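Listed below, chain by chain, are the residues.
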2 protein chains.
Amino acid sequence: MALLERAQALQAQGRDILHLEVGEPDFPCPAPIMAAAGAALERGDTRYTPAAGLPALREAIALDYRRRLGAPVTAEQVVVTPGASGALQLVMAALLNPGDEALLCDPGYPCNRQFVTLAGGVPRPLTLDPAEQFRLSGERLAAQWGERTRLAMVASPDNPTGNRLDGAELAEMARWCAGRRGTLVVDEIYQGLCYDAPADTVLRHGDEAVVINSFSKYFGMTGWRLGWLVAPRALVPAIERLAQNWFLAPATVAQHAALAAFDEETLLIAEQRRQMLERRRTLLTESLPALGLPVVGGAEGAFYLYLDVSAHTDDSFAFCQDLLEKAGVALTPGLDFGASHQPERYLRLAYTCDEARLREALRRIADYLERP
Amino acid sequence: MALLERAQALQAQGRDILHLEVGEPDFPCPAPIMAAAGAALERGDTRYTPAAGLPALREAIALDYRRRLGAPVTAEQVVVTPGASGALQLVMAALLNPGDEALLCDPGYPCNRQFVTLAGGVPRPLTLDPAEQFRLSGERLAAQWGERTRLAMVASPDNPTGNRLDGAELAEMARWCAGRRGTLVVDEIYQGLCYDAPADTVLRHGDEAVVINSFSKYFGMTGWRLGWLVAPRALVPAIERLAQNWFLAPATVAQHAALAAFDEETLLIAEQRRQMLERRRTLLTESLPALGLPVVGGAEGAFYLYLDVSAHTDDSFAFCQDLLEKAGVALTPGLDFGASHQPERYLRLAYTCDEARLREALRRIADYLERP
Ligand SMILES: Cc1ncc(COP(=O)(O)O)c(C=O)c1O
Ligand SMILES: Cc1ncc(COP(=O)(O)O)c(C=O)c1O
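Residues numbered from 1 in each chain as written. Chains lettered and ligands numbered in written order. Predicted model: local features only at pLDDT ≥ 70, side-chain atom pairs only at ≥ 80, totals over all residues. Heavy atoms only, no water.

- As named in an unreviewed UniProt entry, chain A is Aminotransferase, taken from Alloalcanivorax marinus.
- Comment text from UniProt for chain A, heading Sequence similarities (unreviewed entry), reads "Belongs to the class-I pyridoxal-phosphate-dependent aminotransferase family."
- Checking UniProt for chain A, the heading Cofactor (unreviewed entry) contains the comment "pyridoxal 5'-phosphate". (UniProt positions renumbered as here; feature names shortened; annotations may be inferred.)

The following block contains the structure:
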């Protein structure tokens, strides 16, 4: 956060800053989604919707699971939310009682801690091992699961490592958790952004996991604030009541816009973007190791690379600060993603700007590292 | 909630239901706001904004306080949120530590309880007296303030009573709370909807209160999910951090749309609507007492009447159910607004449909009451 503000301040002063710290690609919102938003405006469709979202959107999401992803999801299991953020808040509150512990992958998405705390739960790091590319496994989960653990949370593909976990393996972990009166929550917000395998969902392999998703990333709808969750039917009424009280409803025009997300045309645009991101990833993974910046995570999905910077520093936060000041390149220090995985050795690079800018960033980083 | 669903089910069956239960007027979103939304779409302005909202919108809101309401508010005190709902969540969490008690007007807005609980606080009813039209006073506040009370919450104008409290009196109460290491939170979501006095804010009379507001009601932006809070500057960084973690940001197009809310043209439309609501109120307050349905609250603002139905029933919930089934008129039972004010004697009527429909509702209620 401090670095983000500093990057913006430097830019406001006229410095050319390369923003590799932002979790938001540079693509505009796809045209069919924008057109659907425009049509909703034309119709004046701007009133409150039901708390769980427009029935048509819940149905469209469920249909997409069945048709495109091959998972037997029904509309009643889907709750539309204000971003994956809203979904995470609801799910943590529905699954945790005060004092319950939640295992959060470390490194992992930083806000999860806050949602656990908000629900009265106790966040515990599910510490991952760089020797395993920070990849979660069933053994690791079992080893860190405790007496009071009721929930474990993993993203696939993941932020910040880009790790993609096998769907069947995730379903296996979900089953294991269920056997211990617990729940595996799988954040699939980067679901469509996979580079070595087709998009998958844990729900194709079993029905025990609770799934988080969003229109933000793959569908390029960040600022619309729209996501969803998929939960076992028995859990939905409680979640719906919470949504009614906390949010009243998700944003209306955004919901109408999102109805166009599963159109063929939109999916084609999304696929082209996935390919562009893949080219960026290749450029970077081929260049960074030669700079003494090996990629640690699997980098099979999302748009992040988690880099080991320990050849150059023992304090990745200070490194990020200095790189920003001296080279105008903004990156995110490992500290943002957890405290238990030796974060001072790592930093995250988000390839959310185009190849020309990425090449410029590589040049600047190389120059910076060559300085005496 | 059960009644709302039943009303919708009956309507889906083809019944003509008069919806006097919904807290959302029948007016469309004002044209200048829609035009600004359209322009944002044209520009493709759909990316994440800062967590506290667009600087231009924070400035526009602050300017409106200074110019139109005469309150010395600065942009740094304003945090833009996903509805007043988001503002309530943030404020409760920022002001309450686990175990702290919060006094909530009873009757009052039902979701407040949930926000207090979510923050780990303990909601306590601030029981109001029908002999005083359920109006909060400094004496009543002082009498119910306890050892562990850290916060009291009041809306002005209020839902469900329509009570408008004097701004100077509210500022006095805020000062009193501050003297007890507590805070008065004033929900001004119905601020512009006053019928006997000009719009006012507690912030014109002092700087101790924390204020909640929204574009939902006066500006007709319900489904856009956009509100704001005004807090003392010292409190803002903590609130901003929570907003960053829980919401990431408020909806982007909604924020650009809301920039048109304070335009002269929009304010003119809002004023015309206020006058229409005032005529509806007059129609109802002149007709309902003759049906044995006296108005209990002050009804000086918002679009609600709180009615005493005890001449006809000792169970307002059953009364609402029966009225819905037999007469097709949907109202909200007192139980929704608290348990400690003898809610079984009361119900809420929202005058959110036009005069012709309201006349029809009066006819149907009269017929229903005349049945043997
Ligand atoms: C793993 C993960 N989950 C959830 C979110 C929240 O996204 P949103 O609320 O925009 O859907 C993010 C955003 O960066 C993320 O990286
Ligand atoms: C008193 C009061 N506060 C807050 C809200 C929440 O409104 P929103 O989240 O749409 O701004 C409502 C909605 O009915 C209300 O009546």
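## Re the interface of chain B and chain A
Phase 1: Counting residues at the interface gives 38 residues for chain B and 38 residues for chain A.
Phase 2: Both sides together, the interface formed by chain B and chain A hides about 3,300 Å², and carbon and sulfur atoms give 57% of it.
Phase 3: On inspection of chain B and its partner chain A, the count reaches two salt bridges.
Phase 4: For R47(B), the salt bridge identified is with E24(A), shortest N-O distance 3.8 Å.
Phase 5: Where chain B meets chain A, there are 15 residue pairs in polar contact (both at pLDDT 80 or more).
Phase 6: Of all the elements in the fold, those that place two or more residues in the side of chain B that touches chain A are α2 (31-43), α4 (83-95), α5 (111-118), α8 (236-246) and α9 (252-258) of chain B.
Phase 7: When its residues are assigned to classes, the side of chain B that touches chain A shows 20 nonpolar, 13 polar and five charged. (Contact = heavy atoms within 4.5 Å. Buried area = accessible area lost by both parts, 1.4 Å probe. Salt bridge = Lys/Arg side-chain N within 4 Å of Asp/Glu carboxyl O. Polar contact = N/O pair within 3.5 Å; in protein donor to acceptor, adjacent residues only side chain to side chain. Helix = DSSP H or I, 4+ residues; strand = E, 2+ residues; numbered from the N terminus. Nonpolar A, V, L, I, M, F, W, Y, C, P; charged D, E, K, R; others polar.)

## Considerations on the site of ligand 1
Phase 1: In the region of ligand 1, 14 residues are neighbours, and S85(A), D187(A), Y190(A), S214(A) and S216(A) sit closest.
Phase 2: Looking at what sits near ligand 1, you find residues from chains A and B.
Phase 3: Interatomic distance of 2.6 Å between a side-chain N/O atom of S85(A) and an oxygen atom of ligand 1.
Phase 4: In the environment of ligand 1, an oxygen atom lies 2.9 Å from a nitrogen or oxygen atom belonging to the side chain of N159(A).
Phase 5: Relative to its free-state accessible area of 400 Å², ligand 1 is covered by the protein chains to the extent of 97%.
Phase 6: The element contributing the most residues to the shell around ligand 1 is helix α4 (residues 83-95) of chain A, with three residues. (Near = heavy atom within 4 Å. Areas by Shrake-Rupley, 256 points an atom, 1.4 Å probe, with all protein chains shown as cover.)

## Quick look at the site of ligand 2
Phase 1: Residues in close proximity to ligand 2 total 14 residues, the closest being S85(B), D187(B), Y190(B), S214(B) and S216(B).
Phase 2: Of the chains in the model, those with residues near ligand 2 are chains A and B.
Phase 3: Within the backbone of A84(B), a nitrogen or oxygen atom sits 2.7 Å from an oxygen atom of ligand 2.
Phase 4: Contact between ligand 2 and S214(B): an oxygen atom at 2.6 Å from a side-chain N or O atom of the residue.
Phase 5: Taking 400 Å² as the accessible area of ligand 2 by itself, protein coverage stands at 97%.
Phase 6: If you tally residues by element for the shell around ligand 2, the top one is α4(B), at three residues.
Phase 7: For the shell around ligand 2, the per-class residue count stands at six nonpolar, five polar and three charged.

## A few points about the side chain of R140(A)
All names here are of chain A.
Phase 1: Its place among the elements puts R140 in helix α6 (residues 138-144).
Phase 2: Overall, the relative accessible area of 18% leaves R140 in the buried class.
Phase 3: Reaching out from R140, the side chain makes a polar contact with the side chain of E132 at a distance of 3.0 Å.
Phase 4: Look past the residues within four positions of R140 in its chain and what remains in contact with it is L126, T127, L128, D129, E132 and R135. (Buried < 20%, exposed > 50% of the residue type's maximum accessible area, 1.4 Å probe, protein only.)

## Examining the pattern of salt bridges
Phase 1: By the definition in use, this model includes 50 salt bridges over all chains.
Phase 2: The partner of D64(A) in a salt bridge is R68(A), and the shortest N-O contact between them spans 2.8 Å.
Phase 3: Looking at D64(A), the relative accessible area reads 10%, which means it is buried.
Phase 4: The closest approach of N and O atoms between E355(B) and R279(B), which form a salt bridge, is 3.7 Å. With a gap of 76 residues between them, E355(B) in helix α12 (residues 355-370) and R279(B) in helix α10 (residues 264-287) connect regions that are remote in the sequence.
Phase 5: According to the relative accessible area criterion, R279(B) is partly exposed, its value standing at 44%.

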